[in-house]
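Residues per chain, in single letters:
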Amino acid sequence: MPVPIPMSVITPTRRRWPDVDRQARSLLPQLTSPGDEWIVVIDRDEEGSIALRELLRDRRIRPNWLNYASGNSLDYVNRARNFGAAVASQDYLVEVDDHDFVADGALPLVREAFERGADYVFGDVARRIPSSGGDVILEPQHWKYVPGMIATGAVRPLGLRAVRAAVWRALNGWQVWPGGDLDFAIRVERCGFRITHIPE
């Protein structure tokens, strides 16, 4: 039986450890292929966090510290994303912001899409509204993707996004702020790479 393709998940974070901890509870059980890794790009001001030390005991997590939010740079999240992609050891990159949460069963769908030849993968998004009685999850936005829909604004890849590392290199990574993730998706589409929406 073939081994599922390994993937590198990239999450920049700054002062959102409760969110990262919650992300870990959903994400780590889905890192099932040998070589899977979660690259957490941590702003330097987080070094002393107790929550950080506890979370990083898992060997699948690769912490990287970067002064990415310092100075007057407006593209600091893109800097962190690109740094994570540059140090990733796998050929398939999954980009998840620290305030987004990966649904159970999402990463197996990403793997399947890559195994079928996708260059870029994005999924449905459900809005989460925090409340004292428990989070309210709204109905997910579900699209039937047709080429050209990202550039026209008919579809917005939010939340989980994944790309082959070769495509990330060919497009010189995330570049624009704000909206670097959307700009990247538009460039992927305009260059003719194969885009897959999950679930199909």
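Residues numbered from 1 in each chain as written. Predicted model: local features only at pLDDT ≥ 70, side-chain atom pairs only at ≥ 80, totals over all residues. Heavy atoms only, no water.

Caption draft 1: Broad picture of the overall build of the chain. Scanning the chain from terminus to terminus reveals 6 helices and 9 strands. Evaluated residue by residue, the chain yields a buried proportion of 49% over its 200 residues. Within the chain, contacts between residues at least 6 apart in sequence are counted, and of these 73% link residues at least 24 apart. Of the roughly 10200 Å² of accessible surface on the chain, 53% is carried by carbon and sulfur atoms. (Helix = DSSP H or I, 4+ residues; strand = E, 2+ residues; numbered from the N terminus. Buried < 20%, exposed > 50% of the residue type's maximum accessible area, 1.4 Å probe, protein only. Contact = heavy atoms within 4.5 Å. Areas by Shrake-Rupley, 256 points an atom, 1.4 Å probe, with all protein chains shown as cover.)

Caption draft 2: Here's a closer look at the pattern of salt bridges. All told, the structure shown has 10 salt bridges when counted by the stated rule. The partner of Arg 81 in a salt bridge is Asp 97, with the nearest N and O atoms 3.2 Å apart. Of this pair, Arg 81 sits in helix H3 (residues 76-87) while Asp 97 sits in the loop between strand S4 (92-95) and helix H4 (106-115), placing them 16 residues apart in sequence. Here the two residues Arg 81 and Asp 97 agree in accessibility, since each one is buried. For Asp 119, the salt bridge identified is with Arg 164, shortest N-O distance 3.2 Å. Within this pair, whereas Asp 119 is found in the loop between H4 and strand S5 (120-123), its partner Arg 164 is found in strand S8 (residues 161-164), the two being separated by 45 residues in sequence. Across the pair, exposure class does not vary: Asp 119 and Arg 164 are buried alike. (Salt bridge = Lys/Arg side-chain N within 4 Å of Asp/Glu carboxyl O.)

Caption draft 3: Structural context of the packing of aromatic side chains. A full pass over the atoms with the stated rule returns 4 aromatic pairs. Ring plane angle 50° and centroid distance 4.8 Å describe the contact between Tyr 92 and Phe 114, whose orientation is recorded as tilted. Note that Tyr 92 is positioned in strand S4 and Phe 114 in helix H4, a separation of 22 residues in sequence. In this pair, the class of Tyr 92 matches that of Phe 114, namely buried. Each ring, one from Tyr 120 and one from Phe 184, has its centre 6.4 Å from the other, and the planes form 45°; the classification is tilted. One end of the pair, Tyr 120, is in strand S5; the other, Phe 184, is in helix H6 (residues 180-190), with 64 residues separating them in the sequence. (Phe/Tyr/Trp six-rings, centres within 6.5 Å; stacked < 30°, edge-to-face > 60°.)

Caption draft 4: Spatial organisation of unusual backbone geometry. The phi torsion at Asn 172 lies on the positive side, around 60°, for a residue other than glycine. Position of Asn 172 among the secondary structure elements: in the loop between helix H5 (165-170) and H6.

Caption draft 5: Representation of the environment of Val 110. By the element assignment, Val 110 lies in helix H4. The spatial distance from the C-alpha of Val 110 to the C-alpha of Gly 123 is 8.7 Å, given a sequence separation of 13 residues. In this structure, Val 110 is in contact with Met 7, Val 94, Val 121, Leu 160, Ala 162 and Ile 198, ignoring residues within four places of it in sequence.

Caption draft 6: Structural detail: the pairing of strand S9 (residues 195-198). Residues of S9 alternate between two faces, with Ile 195 and His 197 on one and Thr 196 and Ile 198 on the opposite face, all of them buried. Here S5 pairs with S9 via 4 bridges, running parallel. Among the inter-strand pairings, Tyr 120 is bridged to a residue of S9, identified as Ile 195. (Pairing = 2+ DSSP bridges.)

Functional significance is not addressed by these values, which are geometric in nature.
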